Amino acid sequence: MSLYSCLWGLIFCLKGVAVMPISERAVMGKTMMVLTLTVRVLHDAVSFIAFSFLDILDLVLCFAFKAVDLIVEAEWKPCYCTSAKEAITSCGKILVSEQGESKIVCLTSTKLRLEEISDTLYARTSLVSEISKSTVNELKRIKVEGKSSTVTVQPSEKMKKGTMRSTFTVNSTIVEMLQGKIGGQHSHPISRWSDCDCKFCTSWTTSSKETLFVRAEGPKEKGKGDVLFIHGFISSSAFWTETLFPNFSNAAKSTYRLFAIDLLGFGRSPKPADSLYTLRDHLDMIERSVLEPYEVKSFHIVAHSLGCILALALAVKHPDSVKSLTLLAPPYYKVPKGVLATQHVMRQVAPRRVWPLITFGASIACWYEHISRAICLVICKNHRLWLFLTKLVTRNR
């Protein structure tokens, strides 16, 4: 129920009458219009003040985390609030921008490949961030003016006839780093100081297989069909295995092979710090972890929330293999013509408002990388403590 609906109910309760004369209704209508406008203005003002403060807090936390990273680990990794052209990860990836479009340059021993990503990853504009970025960029421009090199990157797919090759200007220091990454070996994943070090959270680092965690049930040999279950955001395979799987009949379990996975970065699956968790990354891991080892040729997909996007992508990539799609709460938003889709959806999902609370929480998660990291540091790193306290309060129920 919205705040305005609550105000309507409050007014009628205070009035205490079911039927009012026309004159009183007119007065009530005007009063409600004024009250609604007042509440809306107050809400906008409070939201502006609150998120302006959060903008500053996130900026402060950015420098704080960099300082701690430098002290504890002797280096810091570029965050998403830094300049896109400076962002490079240990696996040999660098983000470059051209006319508002963001792309990831993936380096292998033989080629450079472009991966498109959402521009919202590095372009989450706010008043404070824009002022700070413009100031820092101007200082850097003055400092490194004239010390740049040009790198020409060609997409791995064949270019369409008549299209122009993309040319990106990258700082010479970055060029040297890129050259050093070509032909390099992948290092063993190392937990950061802010990561949880418990056995459950670090089990993937000791595994020799770089695949997703898969919970498989059903006949060992191929049955009537295969069903792939894909969970949503902030979830895991337990979303299915603790709800649906116990309720399937023995006939269904003996007929169909059921696969519930932990997506990349979730549950007991790998959580590589140098991954950008793109759509391609998720699809590659699903194919490598389920479709190939279990020889899945045709299958049904049941997906929830974020998983619906991956399910649709799998259906597009394997149109002859996917028998059916069951999508639960798919994230769908209408985008007006002439509007940048990613930024529009970002504003719909996280409109930077303090009310309702679910909107406030979504705005925190989407707009503030370092505040989210601080929250995860308190909650996720100490999840064993919270679990103990919960069991203590609920008497282990």
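Along each chain, the written sequence defines residue order, and numbers are assigned to residues from 1. Owing to the predicted nature of the model, reporting of local features is limited to residues with pLDDT of at least 70; listing and counting of side-chain atom pairs is limited to 80 or more, with chain, interface and lining totals taken over all residues. The basis for every side-chain value is the complete set of heavy atoms in the structure, and neither hydrogens nor water enter the calculation.

An unreviewed UniProt entry lists the protein chain under the name lysophospholipase bodyguard 3-RELATED, from Salix purpurea.

Let's shift gears to the packing of helix α8 (residues 279-291) against helix α9 (residues 306-317). Convention adopted: a line fitted to C-alpha atoms gives each axis, helices being fitted over their contacting stretch, and angles between N-to-C directions are expressed from 0 to 180 degrees. By the criteria applied, helices consist of DSSP H or I runs no shorter than four residues and strands consist of E runs no shorter than two, each listed in order from the N terminus. Between α8 and α9, the least distance of the axes is 10 Å, while the angle of their chain directions is 70°. Relative to α9, α8 is oriented roughly perpendicular. Judged by residue contacts, Leu-279, His-282, Leu-283, Asp-284, Ile-286 and Glu-287 of α8 engage Ile-309, Leu-310, Ala-313, Leu-314 and Lys-317 from α9. Put simply, angles under 35 degrees are roughly parallel, angles over 145 are roughly antiparallel, angles from 65 to 115 are roughly perpendicular, and the rest are oblique. Between two residues, a contact is recorded if the distance between any of their heavy atoms is within 4.5 Å.

Aromatic contacts are taken between Phe, Tyr and Trp rings whose centres are within 6.5 Å, Trp giving its six-membered ring; a plane angle under 30 degrees counts as stacked, one over 60 as edge-to-face, and the others as tilted. Under the definition given, this model contains 9 aromatic pairs. Plain terms: the ring middles of Phe-229 and Phe-248 are 6.2 Å apart, the flat faces sit at 50° to each other, and that makes the pair tilted. Taken as a pair, Phe-229 in strand β8 (residues 225-230) and Phe-248 in the loop between α6 (238-241) and α7 (250-255) lie far apart in primary sequence, 19 residues in all. Residue class for Phe-229 comes out buried when judged on its relative accessible area of 3%. With 4.9 Å between their ring centres and 90° between their planes, Phe-239 and Trp-240 make a pair best called edge-to-face. Among the aromatic residues, ring-to-ring pairing joins Phe-229, Phe-239, Trp-240, Phe-245 and Phe-248 into one connected group. The criterion for a charge sitting over a ring is simple: Lys NZ or Arg CZ within 6 Å of the ring centre, and within 35 degrees of the ring normal. Here Arg-268 stacks its cationic end above the ring of Phe-213, 3.9 Å away from the centre of that ring. Relative accessibility thresholds used throughout: buried, under 20% of the residue-type maximum; exposed, over 50%; partly exposed, between the two (1.4 Å probe, protein chains only).

Patch building starts from residues that exceed 30% relative accessible area and form no salt bridge, then joins like charges within 9 Å and nonpolar side chains (Val, Leu, Ile, Met, Phe, Trp, Tyr) within 5 Å. Where accessible areas are quoted, they stem from the Shrake-Rupley method and a 1.4 Å probe; at the residue level, only the protein chains shown are allowed to cover. By convention in these notes, a salt bridge is any Lys or Arg side-chain nitrogen within 4 Å of a carboxyl oxygen on Asp or Glu. Where nonpolar side chains cluster on the molecular surface, the patch consists of Ile-375, Val-378, Ile-379, Leu-385, Trp-386, Phe-388, Leu-389, Leu-392 and Val-393 and spans about 870 Å² of accessible area. Within the residue set of the nonpolar patch, elements represented by two or more residues are α12 (369-379) and α13 (383-393). With 6 residues, the single largest contributor to the nonpolar patch is α13. Its location among the elements puts Leu-385 in helix α13.

Right, let's get into the pairing of strand β9 (residues 256-262). For β9, the buried fraction is high: 6 of the 7 residues fall into the buried class. Examined bridge by bridge, β8 and β9 share 6 bridges and lie parallel to one another. If you follow Phe-229 over to β9, its bridge partner there is Ala-260. Only strands that DSSP links by at least two bridges are regarded as paired with each other.

The geometry of helix α10 (residues 341-349) relative to helix α11 (residues 357-367) is characterised by a closest axis approach of 9 Å and an angle of 140° between their N-to-C directions. Compared by their axis directions, α10 and α11 come out oblique. On the side of α10, the interface is formed by Met-346, Arg-347 and Val-349, while α11 contributes Ala-362, Cys-366 and Trp-367. Each residue gets one of three labels, nonpolar for Ala, Val, Leu, Ile, Met, Phe, Trp, Tyr, Cys and Pro, charged for Asp, Glu, Lys and Arg, and polar for the others, Gly among them. A per-class count over the contact of α10 with α11 returns 5 nonpolar, no polar and 1 charged.

Once that is clear, we can look at α12. Every α-helical turn comprises 3.6 residues, leaving residues that sit three or four positions apart pointing alike. Residues of α12 that are buried include every one of His-370, Ile-371, Ser-372 and Arg-373, and no others. Contact partners of the buried residues in α12: α2 (22-73) and α11.

Attention shifts here to the pattern of salt bridges. Tallied over the entire structure, the rule returns 7 salt bridges. Between Arg-353 and Asp-44 there is a salt bridge whose closest N-O contact spans 3.6 Å. Of this pair, Arg-353 sits in the loop between α10 and α11 while Asp-44 sits in helix α2; the two residues are 309 residues apart in sequence, bridging distant segments of the chain. Classification of Arg-353 by relative accessible area gives partly exposed; the value is 32%. With relative accessibility at 35%, the residue Asp-44 sits in the partly exposed group.

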